[in-house]
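# What the coordinates show
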Amino acid sequence: RLIVQELDVGLFYLQDEQLIPLSITNDQFSSQERIVAILPYQGKQLLVVTFSAGLYLMDDTRITAWKTKANDFLSLHQAYCATQLQDGKYAVGTTQNGLLIFDQDGTLLTHLSKKSGLQNNTILSIAQDIHQNIWLGLDNGIDYVEISSPFSVIQMEEDITGTGYASIIHKEYLYL
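Quick caveat: nothing in here was measured; it's all calculated off a predicted structure.

### Focus on the overall build of the protein chain
For the protein chain, the count of helices and strands is one helix and 16 strands. The dimensions of the protein chain, computed from C-alpha atoms along their principal axes, are 65 × 35 × 30 Å. Expressed as a percentage of the 176 residues in the protein chain, the buried residues total 38%. Contacts spanning at least 24 positions in sequence make up 35% of the contacts within the protein chain whose residues lie at least 6 apart.

See below:
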């Protein structure tokens, strides 16, 4: 089903080449708030990602604010694009603070920004490849995020200084 938004009017779905208004109760959602993505959620629900009002859950009859830590973050940092990843998690690109990945409970899992190695904090598009890694279209380039790797970046910006001389895996943990 194709759902479109007309700002200041509401949401519509396409049926037989005609836009039909969605008749949903939206106590907390303003028709002036720009929607950047509508993604599958649990069952027949949809996850609505807005530019500056955070996250909402929508079904056939109502749209309600989704109160999570991910919602708090996105309300502050202007979501611009979003996708559901192959493993069911969600990736949302912001215009001010990089990429946020969260699970279906709204738990924050990963936050990537310029501080953690992106070229800049403006994410304009997100795509996932067949190896479950993420490609980001940025304000001034493309970044590749290898999320399927068990390793992450250790940088001086993280206040880890010195030189590593040894490593060991013990009880499923890597020690450096």
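Let us keep going from here.
### A look at the nonpolar core
In this structure, Leu47, Val49, Leu55, Leu74 and Phe102 are the most contacted members of the largest nonpolar core, which totals 17 residues. Broken down by secondary-structure element, the contributors of at least two residues to this core are strand E4 (35-40), strand E5 (46-50), strand E6 (55-58), helix H1 (69-77), strand E8 (79-84), strand E9 (90-94) and strand E10 (99-102). Per-element accounting of this core gives the leading share, three residues, to H1. Once residues lying within four places of it in the same chain are set aside, the contact partners of Leu74 are Phe51, Gly54, Leu55, Ala79, Val92, Thr94, Leu100 and Phe102. Among the nonpolar cores identified, the runner-up in size contains 13 residues, and Cys81, Leu85, Ala91 and Val145 belong to it.

### Describing unusual backbone geometry
Its identity as a non-glycine residue notwithstanding, Glu17 has a phi of 60°, on the positive side. Relative to the elements of secondary structure, Glu17 occurs in the loop between strand E2 (10-15) and strand E3 (18-21). For Gln78, which is not glycine, the phi dihedral falls at a positive 55°. Following the sequence through the fold, Gln78 ends up in the loop between H1 and E8.

### Quick look at the sheet that holds E4
Read from one edge to the other, the open sheet built from four strands follows the order E4-E5-E6-E7, with strand pairing classed as antiparallel. A single partner strand is all that each edge strand has here, and the edge strands are E4 and strand E7 (63-65). Strand-to-strand twist in this sheet, taken as the mean axis angle between neighbours without regard to direction, amounts to 25°. Here E6 pairs with E7 via three bridges, running antiparallel. In the sheet register, Leu57 faces E7, and the bridge partner there is Thr64.

### Observations concerning the packing of aromatic side chains
Within the structure shown, the criterion is met by five aromatic pairs. Among the aromatic residues, those joined into a ring-pair cluster are Tyr41, Trp66, Tyr90 and Phe102. Of note, Arg34 hangs over the ring of Phe51, and the distance from its end group to the ring centre comes to 4.2 Å.

### Notes on the sheet that holds strand E14 (residues 141-145)
Overall, antiparallel pairing links the three strands, which are arranged E12-E13-E14 in an open sheet. Of all strands in the sheet, those bounded by a partner on one side alone are strand E12 (123-128) and E14. Direction aside, neighbouring strands of the sheet carry axes that sit 20° apart on average.

Thresholds, definitions, all that
- Residues numbered from 1 in each chain as written.
- Predicted model: local features only at pLDDT ≥ 70, side-chain atom pairs only at ≥ 80, totals over all residues.
- Heavy atoms only, no water.
- Helix = DSSP H or I, 4+ residues; strand = E, 2+ residues; numbered from the N terminus.
- Buried < 20%, exposed > 50% of the residue type's maximum accessible area, 1.4 Å probe, protein only.
- Contact = heavy atoms within 4.5 Å.
- Core = buried A, V, L, I, M, F, W, Y, C linked by side-chain atoms within 4.5 Å.
- Pairing = 2+ DSSP bridges.
- Axes fitted to C-alpha atoms, helices over the stretch in contact; angles between N-to-C directions.
- Phe/Tyr/Trp six-rings, centres within 6.5 Å; stacked < 30°, edge-to-face > 60°.
- Lys NZ or Arg CZ within 6 Å of the ring centre and 35° of its normal.

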